[in-house]
Structure formats: structure tokens, C-alpha cells
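# Close look at the chain arrangement
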Amino acid sequence: MDYSNLRRQAASMKKGLFDQGHLDEQFRQVEDLQDEASPNFVEEVAVLFFKDSGRLISNLEQALEKYPRDFNRWDAYMQQLKGSCSSIGASRMKSECMSFKDNCGKGNVEGCMGCLQKLKREHAILRQKLESYFQLLRQAGPTGAATRPVM
Amino acid sequence: MTTSTVQGSPVKALIVEDTPIHAFILSTILRKFHCEITVAENGNEAVQLFLEGKKFDIIFCDKEMPVMSGPEAIEKIRALGESHVKIVGVSAGYDLEQSFMSAGADIFLPKPMKFDVVGPIIQEVMNKKNNSMV
């Protein structure tokens, strides 16, 4: 197997994630923490992020269906999600979080609903792209047979 | 500063954080500085640890958490006479710094945390700890 080609593909994929605005500098900070003692650290962080963000999005969807509208609760959920996005450098998701919070502040229910749908799309896109990226990294790595955490 | 310059007995760090990803990342950073790490998921758990007689050299504390917020926990910890423990308030938004400092925190770090600021803080705590043991 041509490992150098796989590594080039992975590098190109990662560059694309940055160029398209899915990831920002914070992701590089997370990468800098990966070392021999924690060889899968970045992927572990990503798994945690998608588990946590999935839960928060689900909580938010349920909250949005309830009456009366509780903008404070919605904002609190989104503040948590925004924090998680910031930690991993999920830039486009973070932008949607901020738009949602803006709409919360204005009491704009339709705006909030629209932002949530965009957020879910960005979440799904980032998850798919990062899964592909990590899969390539595993294939390109020294062993080429690392175990795959469930995302 | 590199992790290899950190010497002496391990710094006992308490992370007070309800978001798993934040706790995981900060734990990884602190482990690089050979810290002994305990994680509390909210301010109340953190206070309980001190009531049980646990001692820490440094606390990294989030602001918004269920059960008890960071600033409230910090006030209670200081009220227990824990004046020597270094307390770092960590939260998104610079406007939250005042609530931490008023509660008794020593430093405020905004999220997302810049990892290279943690090393000097740990080194300072370690120096203080080792000097007090002489």
C-alpha cells in the first residue's frame, strides 16, 4: 500500500477542512497535544465532541418543541454547544451557534429554528468529513490497523 | 517552557467542569505537566471534595454548571479557609472575568484556552509548593 500517498490525501483533506471554514486554529492546538503517549488523542476528542454535541442538539430540539418558549433555556444549551465547538475548532458550527443565540436574544423563534437546521447540517457534514479524515489517517499510519472508536 | 522543565512533587489539580470535552482536553494538558488530576462535574462536587479533607494545589473552574456555578463554588472554597490554592476561572467571554475574580479566583483564562499559558501557571504553583516544603 502506498502510505505516502495516503498521507498526502489526508493532508489535503485536512487542508480542505480549514480552507472551507469547517475548522479553525483551535483544531491545530488540539493536534499539538497528540503525542506518543496519546497517539489517537485528536480522534478521541472528535468522538467526545460528536457525542456531546449530538446530545446537546437533541436536548435543544426537544426544548424547541415545548411551550411556553423558553429562550433562556435555549440560549443556555446553545452556549454549551458553542463552548464545545470552540474547544475543537468547529468554526462553521460555532458561527451557527452564535446566530442562534442572536435570534434567541431577539425572541425570533423562526430564526432559531432555521439556525438549528443549519447547525444540524454543519454537524453532519463535519462528522462525515472528520470520519473520512481519521479513516485515511488510520490507513496511512505506521501500523495501518488502529482500532476505530465509535463516532 | 517544556514539560521536561517541570520538577518536584506532582501538582494536585482539580478540574471543575461539566462538559466532557473540556475536561478531557484540560486533563491531557495537565498530564503533560505530570499533574495528579481530579475532575468534579459541578461546583457542589468540588466543594464536597474540600469538605472531605481533600487538598489541591490548583483548581481550574468553569463558570456555568448545574447544581452550583463556578464563582459560587469558589466563594465557598475560600470561605473554608482554602486561601493557598491557586484558582483559575475558565469560561468563554471576557465579561465573565469579574464574577470569577470577585468570588476569589486568582486568574481568569478565556475559552478556548490557549494551551501554552497553562505551563507557566503550573510551574509557578510547583515553585511555590516546593519552596513551602523547604
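Residues numbered from 1 in each chain as written. Chains lettered and ligands numbered in written order. Predicted model: local features only at pLDDT ≥ 70, side-chain atom pairs only at ≥ 80, totals over all residues. Heavy atoms only, no water.

Chain B appears in an unreviewed UniProt entry as Response regulatory domain-containing protein from Lolium multiflorum.

The name an unreviewed UniProt entry assigns to chain A is Histidine-containing phosphotransfer protein, from the organism Lolium multiflorum.

## Quick look at the sheet that holds strand 5 (residues 107–110) of chain B
Residues and elements named next belong to chain B. Reading across the sheet, the 5 strands line up as 2-1-3-4-5 and stay open at both edges, with parallel pairing between neighbours. The open sheet has two free edges, formed respectively by strand 2 (36–40) and strand 5, since each of these has just one partner strand. Each strand axis lies, on average, 20° off the axis of its neighbour in the sheet, ignoring direction. Most of the contacts of helix 2 (residues 43–51) go to strand 1 (residues 12–16), to which it runs at about 150°, and overall it touches strand 1, strand 2 and strand 3 (58–62). Strands strand 3 and strand 4 (86–91) of the sheet are contacted by helix 3 (residues 70–79), whose axis makes an angle of about 150° with strand 3. (Pairing = 2+ DSSP bridges. Helix = DSSP H or I, 4+ residues; strand = E, 2+ residues; numbered from the N terminus. Axes fitted to C-alpha atoms, helices over the stretch in contact; angles between N-to-C directions. Contact = heavy atoms within 4.5 Å.)

## Examining the UniProt feature "modified residue: 4-aspartylphosphate" (unreviewed entry) in chain B
All names here are of chain B. As annotated by UniProt and renumbered to match this structure, "modified residue: 4-aspartylphosphate" (unreviewed entry) occupies Asp62. In this structure, Asp62 sits in strand 3. If we skip the residues at most four places from it in the chain, Asp62 touches Val16, Glu17, Asp18, Gly70, Val90, Ser91, Phe100 and Lys111. (UniProt positions renumbered as here; feature names shortened; annotations may be inferred.)

## A look at the pattern of salt bridges
All names here are of chain B. All chains considered together, the criterion is met by 18 salt bridges over all chains. For Lys111, the salt bridge identified is with Asp62, shortest N-O distance 3.2 Å. Taken together, the residues span a long stretch of sequence, with Lys111 in the loop between strand 5 and helix 5 (118–133) and Asp62 in strand 3 at a distance of 49 residues. Accessibility expressed as a relative area gives 18% for Lys111, which makes it buried. Overall, the relative accessible area of 6% leaves Asp62 in the buried class. One continuous salt-bridge network, built from bridges that share partners, spans Glu17, Asp62 and Lys111. (Salt bridge = Lys/Arg side-chain N within 4 Å of Asp/Glu carboxyl O. Buried < 20%, exposed > 50% of the residue type's maximum accessible area, 1.4 Å probe, protein only.)

## A word on the interface of chain B and chain A
Each side of the interface is counted separately: chain B has 15 residues, and chain A has 18 residues. Summing the contributions of chain B and of chain A, the shared interface buries around 1500 Å²; its carbon and sulfur component is 66%. Of all residues in chain B, Ile21, Phe24 and Phe115 of chain B give up the largest surface area on contact with chain A, accounting jointly for 35% of the area buried on that side. Taken together, the links from chain B to chain A amount to 1 salt bridge. One salt bridge in this structure joins Asp35 of chain A and Lys32 of chain B, with 2.4 Å as the shortest N-O distance. (Buried area = accessible area lost by both parts, 1.4 Å probe.)

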